[in-house]
Amino acid sequence: MSPRQITVLGECVADAFAEPANASNELALRVLPGGGPANTAVALARLGTPARFLARLSGDVFGRLFRAHLEASGVDLSDAVAAAEPSTLAVAELDATGQAAFSFHAQNTADWQWTADELAGVDLSAAACVHTGSLALVSEPGGAVVEDFLAVAARRTTVSIDPNVRPLLVRPEVYRARLARWCALADILRLSEDDLALLLPGTPPEQACDIWHAAGVRLVVITLGADGALASLDGERVRLPAVATRVVDTVGAGDSFTAGLLHHLGARGLLGGRLTGLGLDEVAQACRFAARVAALTCSVAGPNPPWQDQLTQLSVTGA
């Protein structure tokens, strides 16, 4: 079964990585197109799911880079907005394990300026799922507009949210204040153990799942780094191991996991409604596939998810 379209809404960020410079008083930056929602849209398209990206793309040098990258990956940009504002820039510092710490240059940039008129004409008739999250849901003035769009989308599609908490830009309490509403709108909530620690400090993953189920979301998946993932469907739970691989960096791994999860469910006709008919075995299979996609992303530099034909090249243990 061919997967139906998935619509992704959110930001595209210029990820700048420090590299050795020619002089000691210089800093060279290698800029790659990133941003959680954009990474997810790219990964979906490369896996073979028709992916449409609702974005506000600047006409600056970074915006042109984003557009070329997204189109080269097969992402549909027919509903992207040509924005007058500049692009968002994130500067990443990698530690010895490949974990990235970001500093953001995001004030008054294109990604957060959504208006109701820009989203009012979006046709969702072909979409099985709408996925969003990250800063698009909490950055003003556009955050409330995106929430309203999700409320409309939820009437006819599966809704997926990845909070992707960025405490350097938005205080965690802003996410906490809105999370119950997101759970009421969403069918799928995918988040990392770092997100969990910021949203519900000191709360075990299983208890967090129960809290979010009570708020309305049916499927919660918490990725736990090297410890794999915990998936909870209406309170029925399964733990899946991580796929071991040589880690270059972890940038974009969570976004790739989300894309793998949605692609696998969509390819089996399980998206398009309220996940009725979805069983825990199917969730486990989808998470195993998602872990493979994330592992391949970790094995290369930057947010560079695999193409479908690269999945067979995964030379790792535990696949």
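That block above? That's the structure.
Thresholds applied
- Residues numbered from 1 in each chain as written.
- Predicted model: local features only at pLDDT ≥ 70, side-chain atom pairs only at ≥ 80, totals over all residues.
- Heavy atoms only, no water.
- Phe/Tyr/Trp six-rings, centres within 6.5 Å; stacked < 30°, edge-to-face > 60°.
- Buried < 20%, exposed > 50% of the residue type's maximum accessible area, 1.4 Å probe, protein only.
- Pairing = 2+ DSSP bridges.
- Helix = DSSP H or I, 4+ residues; strand = E, 2+ residues; numbered from the N terminus.
- Axes fitted to C-alpha atoms, helices over the stretch in contact; angles between N-to-C directions.
- Contact = heavy atoms within 4.5 Å.
- Disulfide = S-S within 2.5 Å.
- Expected span 1.5 Å × (residues − 1).
- Arc of directions from axis to C-beta.
- Polar contact = N/O pair within 3.5 Å; in protein donor to acceptor, adjacent residues only side chain to side chain.

Draft legend 1. Representation of the packing of aromatic side chains. Tallied over the entire structure, the rule returns one aromatic pair. Taking the centre distance of 6.3 Å and the plane angle of 90° together, the rings of Y175 and W182 count as edge-to-face. The exposure class of Y175 is buried, given its relative accessible area of 0%.

Draft legend 2. View of the sheet that holds strand β3 (residues 28-34). The strand order across the open sheet built from four strands is β3-β2-β7-β8, with neighbouring strands paired in mixed fashion. One side of each edge strand has no neighbouring strand; the edge strands of this open sheet are β3 and β8 (100-105). Each strand axis lies, on average, 30° off the axis of its neighbour in the sheet, ignoring direction. Helix α2 (residues 61-72) rests against β2 (13-19), β3 and β7 (88-94) of the sheet, and its axis sits at about 50° to β3.

Draft legend 3. Fine view of the state of the cysteines. Within this structure, the stated rule accounts for zero disulfides. A disulfide-free cysteine, C12 has its sulfur positioned 19 Å from the sulfur of C129, the nearest such atom. For C12, a relative accessible area of 3% gives the class buried. Left without a disulfide partner, C183 is nearest to the cysteine sulfur of C209, which lies 10 Å away. C183 sits in the buried class, given a relative accessible area of 1%.

Draft legend 4. Fine view of α2. If you check α2, its first and last C-alpha atoms are 17 Å apart, about what twelve residues at 1.5 Å a residue would give, namely 16 Å. Where α2 is concerned, the buried positions are G63, F66, H69 and L70. With its buried residues spanning 130° around the axis, α2 presents them on a single face. Of the exposed residues in α2, the ones pointing more than 90 degrees away from its buried face are V61, R64 and A72. Along its buried surface, α2 packs onto β2, β3, α1 (36-47), β4 (51-54), β5 (56-58) and β7. Backbone geometry just after α2 places G74 at a positive phi near 90°.

Draft legend 5. Spatial organisation of the environment of F289. As for its placement among the helices and strands, F289 is situated in helix α9 (residues 280-298). Spatially, the C-alpha atom of F289 lies 31 Å from that of R56, the residues being 233 residues apart in sequence. In contact with F289, other than residues within four places in its own chain, are L47, G260, H263, H264 and L311.

Draft legend 6. Structural view of the environment of T132. Tracing the backbone through its elements, the reader meets T132 in strand β9 (residues 127-133). Given a relative accessible area of 1%, T132 falls into the buried group. Counting along the chain gives 30 residues from T132 to D162, while the straight-line C-alpha distance between them is 6.5 Å. At 2.7 Å, the side chain of T132 forms a polar contact with the backbone oxygen of L9.

Draft legend 7. Geometry of the sheet that holds β9. Read from one edge to the other, the open sheet built from eight strands follows the order β4-β1-β9-β10-β11-β12-β13-β14, with strand pairing classed as mixed. In this open sheet, the two strands that pair with only one neighbour each are β4 and β14 (236-240). Here the average twist between neighbouring strands, direction ignored, is 15°. Sheet topology note: the strand β11 (residues 188-192)/strand β12 (residues 219-223) ladder contains five bridges and is parallel. In the strand pairing of β12, S192 is matched with T223. Against the sheet, helix α4 (residues 143-153) makes contact with β1 (5-9), β4, β9 and β10 (158-162), and its axis sits at roughly 155° relative to β9, the strand it touches most.

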